[in-house]
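Summary of structural features
What follows is the residue order along each chain.
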Amino acid sequence: MMRWVTLTNKRGLHARAATRLVQEAAQFSAQLTLLRPAQNDAPEKQADLRNIMSLLMLAAPCGSELQLIAEGDDAENALDHLEALIHNRFDEDE
């Protein structure tokens, strides 16, 4: 299963936001991946949502359109939850 999400928080996928994603992803058994499609001269990159370093390596600024991918028993629930977290700008006051 896959859904498109757009980062709307001012700092994009920074350390605090990535930490929130890792913490929330840990609640699910599904395999969870965040993919940044190839853009201009930048190649496609993907990150395991349970690995903060791989998330930070995406270097995804505000406005980035990403694919949230889930595979497994609770994939749809995981997508619902993580999509809401991203939509709510990681519950930051920005």
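Residues numbered from 1 in each chain as written. Predicted model: local features only at pLDDT ≥ 70, side-chain atom pairs only at ≥ 80, totals over all residues. Heavy atoms only, no water.

Spelled out, the test is: UniProt positions are given in the numbering used here, feature names are shortened, and annotations may be inferred rather than shown by experiment.
If you check an unreviewed UniProt entry, the chain appears there as Phosphate ABC transporter permease from Terasakiispira papahanaumokuakeensis. Here the chain is described in UniProt, under the heading Sequence similarities (unreviewed entry), as follows: "Belongs to the HPr family." Database annotation for the chain, UniProt heading Subcellular location (unreviewed entry): "Cytoplasm".

**Description of the side chain of Ser54**
This is how the line gets drawn: Counting from the N terminus, the helices are DSSP H or I runs at least four residues long and the strands are E runs at least two residues long. Each residue gets one of three labels from its accessible area relative to the maximum for its type: buried under 20%, exposed over 50%, partly exposed in between, using a 1.4 Å probe on protein chains only. As used in this structure description, the phrase polar contact means that two N or O atoms lie within 3.5 Å; if the pair is within protein, one of them must be able to donate a hydrogen and the other to accept it, and residues adjacent in sequence are counted only when both atoms belong to side chains. Residue contacts follow a heavy-atom distance rule, with two residues in contact if any of their heavy atoms lie within 4.5 Å.
Mapped onto the secondary structure, Ser54 falls in helix 2 (residues 52–56). The exposure class assigned to Ser54 is buried, which follows from its relative accessible area of 19%. Engagement of the side chain of Ser54 in a polar contact is seen with the backbone oxygen of Asp48, the distance being 3.2 Å. Not counting residues up to four positions away in its chain, the partners in contact with Ser54 are Ala47 and Asp48.

**Some words on helix 1 (residues 15–25)**
Of all the residues in helix 1, the buried ones are Ala17, Ala18, Leu21, Val22, Glu24 and Ala25. The secondary structure elements touched by the buried residues of helix 1 are strand 2 (31–36), helix 2 and helix 3 (75–87).

**Regarding the pairing of strand 4 (residues 65–71)**
Our working rule: Strand pairing is defined by DSSP finding a minimum of two bridges between the two strands.
Burial runs high along strand 4: five of the seven residues are buried. Summarising the sheet, strand 1 (residues 2–6) and strand 4 pair through five bridges and their orientation is antiparallel. From the neighbouring strand, Met2 faces strand 4, where its bridge partner is Ile69. As paired strands, strand 2 and strand 4 are joined by five bridges and run antiparallel to one another. Among the inter-strand pairings, Leu32 is bridged to a residue of strand 4, identified as Ala70.

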